[in-house]
Amino acid sequence: MRRLRACLGAAAAVGLAAAGTTALVAGSASGATSALGNRWYAAAPYLMPLDNDPPDPAAIMDATGLKAFQLAFVLAPNGGGCSPTWGGTVAVSSDTAVQSVVNTIRAKGGDVSVSIGGYGGTKLGQVCSDAAATAAAYQQVITKYGLHAIDFDLEEPEYENTAAIKNEIGAAKILQQNNPGLYVSVTTAGTADGTGWFGKQMLLEAKSQGFTPNNFSIMPFDGGFNGAASQTGALTNFNQILQSTFGWDQATAYAHEGFSGMNGRSDTGEFFTQTDFQTVLDYATSHNMDRFTFWSLNRDRQCTPADNGGRTSGTCSSVAQNSWDFAKYSVKFAGATPPSSTPTPTPTPTPPGTGCKPAWSSTAVYTAGNEVSYNNHNWKAKWWTQNETPVASDWGVWQDEGAC
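Residues numbered from 1 in each chain as written. Predicted model: local features only at pLDDT ≥ 70, side-chain atom pairs only at ≥ 80, totals over all residues. Heavy atoms only, no water.

1. Things to note about the overall build of the chain
Right, so step 1: Helix and strand counts for the chain stand at 12 helices and 17 strands.
Right, so step 2: When each of the 404 residues of the chain is scored for burial, the buried share is 55%.
Right, so step 3: In the form shown here, the chain has an accessible surface area of approximately 15,300 Å², with 52% of it arising from carbon and sulfur atoms. (Helix = DSSP H or I, 4+ residues; strand = E, 2+ residues; numbered from the N terminus. Buried < 20%, exposed > 50% of the residue type's maximum accessible area, 1.4 Å probe, protein only. Areas by Shrake-Rupley, 256 points an atom, 1.4 Å probe, with all protein chains shown as cover.)

Given below as structure tokens:
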């Protein structure tokens, strides 16, 4: 979950070469000898290797058959400067901890992509002088880890900065040109109509620079979504945006479209279960979409009974599950068959006294003290309201009374 965790020309290429850029090659010092198929990079779930109680990737691979991981996030240094770090604190140039994770995954026949940006923190596109300088910083990451794939996660607050997005899109184009075969995804916020105003401006910037990544992915969560139907609806609308922006037909747009979900309870109290993931997976495969991923593997395990369903966590999903249930949907999208496992655990029965109140209605009028249920939680109105969806917010009308 992003809130808990949490670009591009000949002259630019010359500048990048002067900065010491090297092209992507097999057999790098980091141990990458060959790339996986693009479908695996398209299916790689996000993993924070240094935060949120990182799970053992080797154990996940053994349990699920997963081969690809999306490591997150590369940012500018907290102290300033145009050089890549993990989370703003660990310099890529001197890193050994993430390199060890990469080596573990590759030793078992897998590979990694690296995601830059994410929600919060200072992005390199915000502080580097231009697209060439931004690309040179990211090239250090590609060269260090011998990457065959990279993800540009462009969201708040960076995607509201026109100059920063110009640098990021420009950098993505330069990296694509200078690293033949590099898989490039661009991930941005999702809304009910596909993506918001800033997401659309990012697409227009890509069009103006003549940049086409492997896919543009949206994150349909934290925006008033309620289950898989609202997510597939957003994906349908986003497809239409891609068509109108780039002049693509429907099939071409789907071939450049991706889904990046959130497993379990979202930052705003939405719930996405295994059934929801299966529905979206069916949609993605039936429409020949290019990417299906989720945030995050750190959360792909069950919370303790006290936490289950009651809060959003960076280290567990807050829904009933076996460990790595959600990773298996990525494996299916890649075209592999996950190992069989025990059934998903049955949710703990609701204790007496915590039953659900009457369901919230968008047309009903509520006054202070009225109670409703929504997304398996009870809510109490703080003042008069109508057609305001219950979500957890210090400033909102609804008070979250916990799971029901």
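2. Re the environment of Ser260
Right, so step 1: Note on placement: Ser260 falls in strand β9 (residues 257-262).
Right, so step 2: According to the relative accessible area criterion, Ser260 is buried, its value standing at 0%.

3. Some details on the nonpolar core
Right, so step 1: With 92 residues, the main nonpolar core has Phe69, Leu71, Phe152, Phe216 and Phe292 as its most contacted residues.
Right, so step 2: The greatest single-element share of this core, amounting to nine residues, is contributed by helix α6 (residues 131-145).
Right, so step 3: Setting aside its immediate chain neighbours within four residues, Phe216 contacts Val186, Met202, Leu203, Ala206, Phe238, Leu242, Phe246, Trp248, His256, Glu257 and Gly258.
Right, so step 4: Membership of the second largest hydrophobic core comes to eight residues, among which are Val372, Tyr374, Trp379 and Val397. (Core = buried A, V, L, I, M, F, W, Y, C linked by side-chain atoms within 4.5 Å. Contact = heavy atoms within 4.5 Å.)

4. Thoughts on the pattern of salt bridges
Two side chains with opposite charge may pair up if their charged atoms get near one another.
Right, so step 1: Inspection of every chain in the model, using the stated rule, returns six salt bridges.
Right, so step 2: Ionic pairing is found between Asp111 and Arg106, a salt bridge with its closest N-O pair at 2.8 Å.
Right, so step 3: With a relative accessible area of 1%, Asp111 lands in the buried category. (Salt bridge = Lys/Arg side-chain N within 4 Å of Asp/Glu carboxyl O.)

5. Here's the deal with the state of the cysteines
Right, so step 1: Inspection of every chain in the model, using the stated rule, returns two disulfides.
Right, so step 2: The partner cysteine of Cys82 in its disulfide is Cys128, sulfur to sulfur 2.0 Å. Sign of the S-S torsion, about 100° for the bond between Cys82 and Cys128, identifies this disulfide as right-handed. Of this pair, Cys82 sits in the loop between β2 (68-75) and β3 (85-86) while Cys128 is found in the loop between α5 (124-127) and α6, placing the two residues 46 residues apart along the sequence.
Right, so step 3: Residue classification places Cys82 among the partly exposed residues on the basis of a relative accessible area of 32%. (Disulfide = S-S within 2.5 Å.)

6. Remarks on α6
Right, so step 1: For α6, spanning 15 residues, the distance from its first C-alpha to its last is 21 Å, which sits close to the expected 21 Å at 1.5 Å a residue.
Right, so step 2: With 12 of 15 residues buried, α6 is to be regarded as a mostly interior element.
Right, so step 3: Of all the residues in α6, the buried ones are Ala131, Ala132, Ala133, Thr134, Ala135, Ala136, Ala137, Tyr138, Gln139, Val141, Ile142 and Tyr145.
Right, so step 4: For α6, the N-terminal capping position is held by Asp130, with its side-chain oxygen 3.3 Å away from the main-chain nitrogen of Ala132. (Expected span 1.5 Å × (residues − 1). Polar contact = N/O pair within 3.5 Å; in protein donor to acceptor, adjacent residues only side chain to side chain.)

7. Quick notes on the packing of helix α11 (residues 274-286) against helix α12 (residues 327-334)
Right, so step 1: Where α11 contacts α12, the two axes come as close as 10 Å, and the packing angle between them is 15°. It follows from the interaxial angle that α11 and α12 lie roughly parallel. In the crossing of α11 with α12, the sense of the turn from one axis to the other is right-handed. Only Tyr329, Lys332 and Phe333 of α12 make contact with α11, whose side of the interface consists of Gln274, Phe277, Gln278, Leu281, Ala284 and Thr285.
Right, so step 2: Of the residues that constitute the contact of α11 with α12, the class distribution is five nonpolar, three polar and one charged. (Axes fitted to C-alpha atoms, helices over the stretch in contact; angles between N-to-C directions. Parallel < 35°, antiparallel > 145°, perpendicular 65-115°, else oblique. Left-handed = near helix turned anticlockwise from the far one by under 90°. Nonpolar A, V, L, I, M, F, W, Y, C, P; charged D, E, K, R; others polar.)

8. Focus on the side chain of Thr293
Right, so step 1: Mapped onto the elements, Thr293 comes out in strand β12 (residues 291-295).
Right, so step 2: Setting aside residues up to four positions removed in sequence, Thr293 forms contacts with Ala42, Ala44, Pro45, Tyr46, Phe259, Ser260 and Gly261.

9. What to know about the confidence of the model for the chain
Right, so step 1: Averaged over every residue, the pLDDT of the chain is 88; residues scoring 70 or more account for 87%.
Right, so step 2: Note on residues 5-30: pLDDT under 50 across the span, and 70 contacts to partners over four residues away in sequence or across chains.
Right, so step 3: Taken as a whole, residues 348-353 scores under 50 in pLDDT and shows two contacts with residues more than four places along the chain or in a different chain. (pLDDT = per-residue confidence, 0-100.)

10. What about unusual backbone geometry?
Right, so step 1: Note that the residue after Ala72, namely Phe73, is joined by a cis bond; omega there is -5°.
Right, so step 2: Structurally, Phe73 can be placed in strand β2.
Right, so step 3: The amide bond that connects Glu156 to the next residue, Pro157, takes the cis arrangement and shows omega of -10°.
Right, so step 4: By the element assignment, Pro157 lies in the loop between β6 (149-153) and α7 (162-178).
Right, so step 5: Despite not being glycine, Asp53 shows a phi value in the positive range, around 50°.
Right, so step 6: Tracing the backbone shows Asp53 in the loop between β1 (46-47) and α3 (57-64).

11. Side note on the packing of aromatic side chains
Right, so step 1: Under the counting rule described, the total for this entry stands at 20 aromatic pairs.
Right, so step 2: Relative to Phe198, the ring of Trp197 lies with its centre 5.2 Å away and its plane at 85°, an arrangement referred to as edge-to-face.
Right, so step 3: Here Trp197 falls in the exposed class, since its relative accessible area comes to 58%.
Right, so step 4: Overall, the relative accessible area of 29% leaves Phe198 in the partly exposed class.
Right, so step 5: On the basis of an interplanar angle of 20° and a centroid distance of 4.5 Å, the ring pair of Phe246 and Trp248 is categorised as stacked. (Phe/Tyr/Trp six-rings, centres within 6.5 Å; stacked < 30°, edge-to-face > 60°.)

12. Considering the sheet that holds strand β17 (residues 398-403)
Right, so step 1: An order of β14-β15-β17 is seen for the three strands of this open sheet, with the pairing classed as antiparallel. Either end of the sheet is taken by a strand with one partner, and the two such strands are β14 (371-374) and β17. Neighbour-to-neighbour, the strand axes of the sheet open up by a mean angle of 30°, direction not taken into account.
Right, so step 2: Of the pairings in the sheet, the one linking strand β15 (residues 377-381) to β17 comprises four bridges and is antiparallel in character. When the bridges of β17 are listed, Ala381 appears paired with Trp398. (Pairing = 2+ DSSP bridges.)

13. Examining the pairing of strand β5 (residues 111-117)
Right, so step 1: Across the seven residues that make up β5, a large majority, seven, are buried.
Right, so step 2: By the bridge criterion, six bridges tie β2 to β5 in an arrangement that is parallel. In the strand pairing of β5, Ala72 is matched with Ser115.
Right, so step 3: Two elements, β5 and β6, share four bridges in a ladder whose sense is parallel. In the strand pairing of β6, Gly117 is matched with Asp153.

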